[in-house]
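Letter by letter, the chains look like this.
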Amino acid sequence: MSIISHDRLLIIDFGSQVTQLIARRLRELNVYCEIHPFQKVDAAFLRDFAPKAVILSGGPASVLTEGSPRAPEALFGLGVPILAICYGQQVMMQQLGGQVTRGHGTAEFGRAYVTTAHKKLDILDGWFENGLEQVWMSHGDNVSKLAPGFDVYGTSPNAPYAITADPSRHFYAVQFHPEVHHTPNGAKLYENFVKLAGFTGDWTMGAYREQAIAAIREQVGDAKVICGLSGGVDSSVAAVLIHEAIGEQLTCVFVDHGLLRQGEAEEVVTMFRDHYNMPLIHADEQDLFLTALDGQSDPETKRKIIGKLFIEVFENHAKSVGGAKFLAQGTLYPDVIESVSFSGGPSVTIKSHHNVGGLPERMHMKLVEPLRELFKDEVRELGRELGLPESFVGRHPFPGPGLAIRCPGKITRPKLEILRKADAVYIDQIRKHGLYDEIWQAFVAILPVRTVGVMGDGRTYDYACALRAVTSVDGMTADYYPFTHDFLGETATRIINEVEGINRVTYDITSKPPGTIEWE
């Protein structure tokens, strides 16, 4: 199936942290789309891309600031449906003759409720059945005057024009973010938009697979590639996909950095050597990594050290396989958006990821990252498309920096060994109770404090640990898993009894946001 045969939807990115969620919603509707930063979209680009519809994303800027991002004027003369979101709505109003206001009392952040204006609008089919819709807002400015031709279809307490449209031109604008799960009926709005734009919904993960394979072949040519294989779902799917694209040009390098879970190195090496016909190098680099991390406590420093050493190891093995020119990684979109702007736009850095923000500036290889537009559940779907076994595709995420970011404070080998044992007990408990598939991710973090306890009538002074388990759809937001007190009590008892070095167990009930899923 050729991409050229698909109608294309263009997403113009103004730097929102959740722009890629728009693409995800469209992929769920089997619509082919591409994200491009506003700086790169001009009249010539629009002519060549020939979108069937356009979505303007949100963004952190204010349209009232001189030099702030704008849409190309040619966009509004294309004659195609346009959906403008948050900052995109303000851009559309400002450029078409409306007004935007900044001031006290205009901001809305988080959950809000939009009330219907009791006017029929095709994009709102299935909305306002009770006259009210929950949405997720994130804005300081708001529209204070509509552009000519527009009318209001929904209002919120601090956004009098929360939903506006010019139906004659199929221009639609909303102040909230329908792409996030905090807008429960948001997917219906996107469904209505692509339906009125005439999309047939023929874009599938099989088509994505074909596109990715073609892109890998075009990028790599006849050069050799090494893939950083962690044994997690992401890097494994990336490895199988790239191997399908270029075959024996690929060599996988599994780096044992001493930060893996209990028994994981043996499991990964055995699985890939027994089940996949790929060259695999098992690089035992525990001493290299743990010596460099010894005594380090700052999380950003840890990530940068790990990223730097990963690249050094990969570069060494690139030479050993005859001069690989490319390094392949299983980087996903949540990694990218927390580290750097996906599209080069003005989004904000949350934290560095070892395989994104932690990469050294002077690399001797180019990156191949075929999954960087996908979320975890989409990678699982791609893994199934590639024929990976369900037992493997359904594994919980495990970060590339491994246990380093589950060990707040200074890293030591004894602490890592305690952490491995505690984590093994915790995951065993989750599996024993049949909860593994209900949970997005679960792990133990060892805390940088010791606490007084009593065991066998004697005093102990050991580490405390925190259990973490979350439910999520895409990793961008998450809620803690509601274990029963019986489960938590039983698990705490097992950890304290079976793991020497821990005498206190806590459970982390922080959601994301405000926290992140991992501790560092």
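Note that the structure is a prediction, hence the values are computed from the model and not measured.

About the criteria used
Each chain has its residues counted from 1, following the order in which its sequence is written. Only residues with pLDDT of 70 or above have their local features reported here, since the model is predicted, and side-chain atom pairs are shown and tallied only from 80 upward, although totals for entire chains, interfaces and linings are computed over all residues. Only heavy atoms go into the side-chain values, all of them from the structure, while hydrogens and water stay out. Disulfide: a pair of cysteine sulfur atoms within 2.5 Å of each other. The cut-offs for exposure are 20% and 50% of the maximum accessible area for each residue type, with area from a 1.4 Å probe on protein chains only; residues under the lower value are buried, those over the upper are exposed, and the others partly exposed. Salt bridges are identified by distance alone: a Lys or Arg side-chain nitrogen within 4 Å of an Asp or Glu carboxyl oxygen. Numbered from the N terminus, helices here are DSSP runs of H or I no shorter than four residues, and strands are runs of E no shorter than two. Working rule for contacts: check all heavy atoms of both residues, and any pair within 4.5 Å makes them a contact. To qualify as a nonpolar core, a set must consist of buried Ala, Val, Leu, Ile, Met, Phe, Trp, Tyr and Cys residues joined through side-chain atoms within 4.5 Å. For two strands to be treated as a pair, DSSP must find at least two bridges joining them. Here an axis means a line fitted to C-alpha atoms, over the contact stretch when the element is a helix, while the angle between two N-to-C directions is reported on a 0 to 180 degree scale. The sense of a crossing depends on the near helix, which, turned anticlockwise from the far helix by less than a right angle, makes the crossing left-handed and, turned clockwise, makes it right-handed. Three residue categories are used. Nonpolar comprises Ala, Val, Leu, Ile, Met, Phe, Trp, Tyr, Cys and Pro, charged comprises Asp, Glu, Lys and Arg, and polar comprises the others, including Gly. Stacked, tilted and edge-to-face are the three classes applied to pairs of Phe, Tyr and Trp rings, where Trp contributes its six-membered ring and a pair requires centres within 6.5 Å; stacked means planes under 30 degrees apart, edge-to-face means over 60, and tilted covers the rest. Any N or O atom pair separated by 3.5 Å or less is treated as a polar contact, with the protein-specific requirement of one donor-capable and one acceptor-capable atom, and with residues adjacent in sequence counted only for side-chain atom pairs.

A. Layout of the state of the cysteines. A full pass over the atoms with the stated rule returns zero disulfides. Distance from the sulfur of C33, which forms no disulfide, to the nearest cysteine sulfur (C86) is 19 Å. C407 takes part in no disulfide bond, and the closest cysteine sulfur, belonging to C465, lies 12 Å away. Owing to a relative accessible area of 0%, C407 belongs among the buried residues under this scheme.

B. Fine view of the pattern of salt bridges. Tallied over the entire structure, the rule returns 25 salt bridges. One salt bridge in this structure joins R169 and D166, with 2.7 Å as the shortest N-O distance. Accessibility expressed as a relative area gives 4% for D166, which makes it buried. A salt bridge links D428 to R494, with the shortest nitrogen-to-oxygen separation between them at 2.8 Å. Here D428 is found in helix 13 (residues 413-432), whereas its partner R494 is found in helix 14 (residues 485-498), with 66 residues between them in sequence. R494 sits in the buried class, given a relative accessible area of 18%. A single network of salt bridges, built from pairs that share partners, joins R24, R25, E28 and D377.

C. View of helix 11 (residues 376-385). Among the residues of helix 11, those classed as buried are K376, E378, V379, R380, L382 and G383. Elements in contact with the buried residues of helix 11: helix 1 (19-28), helix 5 (205-220), helix 6 (233-246) and helix 12 (390-393). Of the residues one or two after helix 11, G387 is the one with positive phi, at around 90°.

D. Representation of the nonpolar core in the model. In this structure, Y426, I430 and F483 are the most contacted members of the largest nonpolar core, which totals 99 residues. No other element matches the nine residues that helix 6 contributes to this core. Setting aside residues up to four positions removed in sequence, I430 forms contacts with L435, Y436, I439, A442, F483 and F487. In terms of nonpolar packing, the next biggest core, distinct from the first, is built from 36 residues, I55, L83, L124 and F199 among them.

E. Structural context of the sheet that holds strand 16 (residues 366-368). Strand order in the open sheet made by the five strands is 14-13-12-15-16, with parallel pairing throughout. For this open sheet the edge positions go to strand 14 (280-284) and strand 16, each flanked by a neighbour on one side alone. Taken pair by pair, the neighbouring strands of this sheet meet at an average axis angle of 30°, ignoring direction. Across five bridges, strand 12 (residues 225-229) lies against strand 13 (residues 250-256) in parallel orientation. Opposite C227, over in strand 13, you have C252 as the bridge partner. Across the sheet, helix 5 touches strand 12, strand 15 (326-328) and strand 16, and the angle it forms with strand 16 is around 165°. Strand contacts of helix 9 (residues 299-320): strand 12, strand 13, strand 14 and strand 15, with the helix running at about 140° to strand 13, the strand carrying the most contacts.

F. Quick look at the packing of helix 5 against helix 6. Packing of helix 5 against helix 6 brings their axes to within 9 Å, and their N-to-C directions diverge by 65°. Between helix 5 and helix 6 lies a crossing of right-handed hand. Here helix 5 contributes R209, A212, I213, I216, R217 and V220 to the contact with helix 6, which in turn contributes L241, I242, E244, A245 and I246. Residue composition of the contact of helix 5 with helix 6, grouped by class: eight nonpolar, no polar and three charged.

G. Expanded view of the packing of aromatic side chains. Taken as a whole and judged by the stated rule, the model has 15 aromatic pairs. Aromatic side chains F310 and F314 sit 5.6 Å apart centroid to centroid with 20° between the ring planes, which places their arrangement in the stacked category. In this pair, F310 and F314 both sit in helix 9, four residues apart, roughly one turn of the helix. For F314, a relative accessible area of 4% gives the class buried. Taking the centre distance of 6.3 Å and the plane angle of 70° together, the rings of Y426 and F483 count as edge-to-face. With Y426 in helix 13 and F483 in the loop between strand 19 (479-480) and helix 14, this pair connects stretches of sequence that are 57 residues apart. Grouping residues by exposure puts Y426 and F483 together as buried. Through a chain of ring-to-ring contacts, three or more aromatic side chains come together here, namely Y426, Y480, Y481, F483, F487 and Y507.

H. Looking closely at the side chain of Q89. Looking at the element boundaries, Q89 is found in helix 3 (residues 87-96). At 2.8 Å, the side chain of Q89 forms a polar contact with the backbone oxygen of Y161. Residues within four places of Q89 in sequence aside, it is in contact with A84, V143, Y161, A162, T164, A173, V174 and Q175.

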